[in-house]
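Chain by chain, the residues:
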Amino acid sequence: MSHGRETTVRLHGATAFPLDDLTLGRTVFPTSPLPSGMSDPAAAVDGDPATAWRPGPDGRMVVDLGARLPVRSVEVNWTVAGAPALGVQVSDDGVNYRSAGRVDGRGRDRELTLDTSARYVAVQVDGRLPADARIARLSVRR
């Protein structure tokens, strides 16, 4: 063991800790059974760019952040441009939700800036989706 010396280790492809994305690996709802046309919403928060969540018509998912935390932004990465807007709601108890805003736009990457705190963050698709539209990444940052 060497005292007073610093060693830098780089792991290419690894995610640095602490994570700034509060959704990675968190519990999501709904689980099973899923509503018609919806795939597992965990695919949007698993950190794998090769997986994605198919919301289905008017699909809604909720992410449990594990504790009440500051929420400064909600970011969505769609697999295609032109997907509909998302409504964002937040909750401290998972029962009573309040509207936080909308993630609008036409591009694949969209962001809603917030100044709030919450334990639960919900997103809901407004309307019908193009056939190949899925959410590859849903991120909440503080």
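In the block above lies the structure referred to throughout.
Residues numbered from 1 in each chain as written. Predicted model: local features only at pLDDT ≥ 70, side-chain atom pairs only at ≥ 80, totals over all residues. Heavy atoms only, no water.

Q: What is the right way to read the nonpolar core from this model?
A: Across soluble globular proteins, nonpolar side chains show a tendency to be buried alongside one another. Met61, Trp78 and Leu138 are the most contacted members of the largest nonpolar core, which has 31 residues in total. For this core, the secondary structure elements donating two or more residues are strand 2 (60-78), strand 3 (86-91), strand 5 (109-125) and strand 6 (135-141). With 8 residues, strand 2 is the single largest residue contributor to this core. Ignoring sequence-local partners within four residues, the contact set of Met61 consists of Val28, Phe29, Pro30, Pro41, Ala44, Val45, Trp53, Val121, Ala122, Val123 and Leu138. (Core = buried A, V, L, I, M, F, W, Y, C linked by side-chain atoms within 4.5 Å. Buried < 20%, exposed > 50% of the residue type's maximum accessible area, 1.4 Å probe, protein only. Helix = DSSP H or I, 4+ residues; strand = E, 2+ residues; numbered from the N terminus. Contact = heavy atoms within 4.5 Å.)

Q: Looking at this model, I keep getting lost on the pattern of salt bridges. Mind explaining?
A: Oppositely charged side chains can form a pair if their charged atoms are brought close together. Taken as a whole and judged by the stated rule, the model has 9 salt bridges. Arg141 is the partner of Asp20 in a salt bridge, and the nearest nitrogen-oxygen pair spans 2.9 Å. Note that Asp20 is positioned in the segment before strand 1 (27-29) and Arg141 in strand 6, a separation of 121 residues in sequence. With a closest N to O distance of 3.3 Å, Arg102 and Asp104 form a salt bridge. Under the relative-accessibility criterion, Arg102 is labelled partly exposed at 41%. Beyond isolated ion pairs, a larger network of salt bridges with shared partners links Asp20, Glu75, Arg137 and Arg141. (Salt bridge = Lys/Arg side-chain N within 4 Å of Asp/Glu carboxyl O.)

Q: Can you walk me through unusual backbone geometry in this structure?
A: In most cases, non-glycine residues show a negative phi, while peptide bonds are predominantly trans. Of the consecutive residues Phe29 and Pro30, the connecting peptide bond is found in the cis state with omega at 5°. Within the fold, Pro30 resides in the loop between strand 1 and strand 2. A cis amide bond links Ser32 to the next residue, Pro33, at an omega of 0°.

Q: Any chance you could explain the side chain of Ser73 here in plain terms?
A: In this fold, Ser73 is placed in strand 2. On the accessibility criterion, Ser73 (6% relative accessible area) is buried. Among residues more than four places away in sequence, those in contact with Ser73 are Glu111, Leu112, Thr113, Leu114, Ser139, Val140 and Arg141.

Q: Help me understand the environment of Ala133, please; the structure alone is not making it clear to me.
A: Mapping Ala133 onto the fold places it in the loop between strand 5 and strand 6. Taking the C-alpha atoms as reference, Ala133 lies 5.7 Å from Thr79; in sequence the two are 54 residues apart. What Ala133 contacts, discounting residues up to four positions off in sequence, is Arg54, Pro55, Trp78, Thr79, Val80 and Ala83.

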